[in-house]
Amino acid sequence: MPFEVWFAFLLAAAVVIAIPGPTNLVVVAYTLRRGRRAGLTTVLGVLPGIATTMMLSFAGLGALLAASAEVFTAVKWAGAAYLIYLGVRQWRAAAAPAELPGSNDGPGADDRDAQGRMLRDAFLVTLLNPKGIIFFSAFFPQFLDPGRPVLPQMALLGATFLLLVLPINSAYAMMAGALRSRLAAAAWRRLLNRIGGALLIGAGLFTLTLRRS
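Residues numbered from 1 in each chain as written. Predicted model: local features only at pLDDT ≥ 70, side-chain atom pairs only at ≥ 80, totals over all residues. Heavy atoms only, no water.

**Student:** Any chance you could explain the pattern of salt bridges here in plain terms?
**Tutor:** Oppositely charged side chains may form a pair once their charged atoms are brought near each other. On inspection of all chains with the given rule, the structure shows two salt bridges. A salt bridge links arginine 120 to aspartate 121, with the shortest nitrogen-to-oxygen separation between them at 3.2 Å. Residue class for aspartate 121 comes out buried when judged on its relative accessible area of 0%. (Salt bridge = Lys/Arg side-chain N within 4 Å of Asp/Glu carboxyl O. Buried < 20%, exposed > 50% of the residue type's maximum accessible area, 1.4 Å probe, protein only.)

Here it is, written out as structure tokens:
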């Protein structure tokens, strides 16, 4: 792949990833609720979600979602329902300590359970975004040279996209963590939980408005 084509993809992908969406909001919400460490853990769940979304898109699911209103609607409602569920759960959560339990003494059972939930939630929110699957089907081919082997080009673009996801979403976690660290009182923590919950509920309601076009 010519360097200028790859670099154009790099810039375009960075802009797309940086635009706030359900995935970024999950990272922010968990950071506001549990701290910077939790937000960075959530980012690790985003990566396999995006990788799976890419593979499903390349396997033809993106074209199916674009062509079938029924399949698109089913995935859309599943994704919206999960976002709203996460939002309600966060809204009702009690004020958490500065970081996850066991952050100073090594991961305990509760710590591992919480991390597992965060990884699962980030993965599912990323996967259950029908626009994401359609996006990859439409976005990647614009940078492919049909005169060259397609698979190595797809692998390069996919790896580039994933490598960009890590620092950009981590930046979201760091910024949300900086805000949280300034608001140590329990009342502020409850407010942050509700802000994070409202963001997720709003993302779920927005997902319901998505259309295939």
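Once you've had a look at it, read on.
**Student:** Would you take a moment to explain helix H3 (residues 36–58) for this structure?
**Tutor:** Since one α-helical turn is 3.6 residues long, residues separated by three or four positions face the same way. In this model, H3 (23 residues) spans 34 Å end to end at C-alpha, consistent with the 33 Å of a helix rising 1.5 Å per residue. Downstream of H3 by one or two residues, glycine 60 has phi in the positive range, about 115°. (Helix = DSSP H or I, 4+ residues; strand = E, 2+ residues; numbered from the N terminus. Expected span 1.5 Å × (residues − 1).)

**Student:** Just checking my understanding: could you explain the packing of helix H2 (residues 22–34) against helix H8 (residues 150–181) for this structure?
**Tutor:** Each pair of packed helices can be summarised by the angle the axes make with each other and by the distance between the axes. Relative orientation of the contacting elements H2 and H8 amounts to 30°, with a least axis distance of 8 Å. With respect to each other, H2 and H8 are oriented roughly parallel. In the packing of H2 onto H8, the handedness of the crossing is right-handed. Contact residues: Thr23, Asn24, Val27, Val28, Thr31, Leu32, Arg33 and Arg34 in H2; Asn169, Tyr172, Ala173, Ala176, Gly177, Leu179 and Arg180 in H8. The residue makeup of the contact of H2 with H8, split by class, is seven nonpolar, five polar and three charged. (Axes fitted to C-alpha atoms, helices over the stretch in contact; angles between N-to-C directions. Parallel < 35°, antiparallel > 145°, perpendicular 65-115°, else oblique. Left-handed = near helix turned anticlockwise from the far one by under 90°. Contact = heavy atoms within 4.5 Å. Nonpolar A, V, L, I, M, F, W, Y, C, P; charged D, E, K, R; others polar.)

**Student:** Whenever I open this one, the nonpolar core confuses me. Can you help?
**Tutor:** For soluble globular proteins, the rule of thumb is that nonpolar side chains tend to be buried together. Within the largest apolar cluster, 39 residues are counted, with the highest numbers of intra-cluster contacts made by Phe9, Val26, Ile50, Phe140, Phe161, Val165 and Leu200. Looking at this core, the elements that each hand over two or more residues are helix H1 (3–18), H2, H3, helix H5 (69–91), helix H6 (109–127), helix H7 (130–139), H8 and helix H9 (186–208). Of all the elements, H8 adds the most residues to this core, at nine residues. Setting aside residues up to four positions removed in sequence, leucine 200 forms contacts with Leu25, Val26, Ala29, Leu83, Ile84, Leu86 and Gly87. (Core = buried A, V, L, I, M, F, W, Y, C linked by side-chain atoms within 4.5 Å.)

**Student:** Looking at this structure, I do not really get the confidence of the model for the chain. What am I missing?
**Tutor:** Fine structural detail should not be taken from predicted coordinates in areas where pLDDT scores are low. In the predicted model, the chain carries a mean pLDDT of 80, and 82% of its residues have values of at least 70. Of all the helices and strands in the chain, helix H4 (residues 61–67) carries the lowest mean pLDDT, 67, while H1 carries the highest, 92. When the criterion is pLDDT under 50, residues 98–109 qualifies, and its contacts beyond four places in sequence or with other chains add up to 24 contacts. (pLDDT = per-residue confidence, 0-100.)

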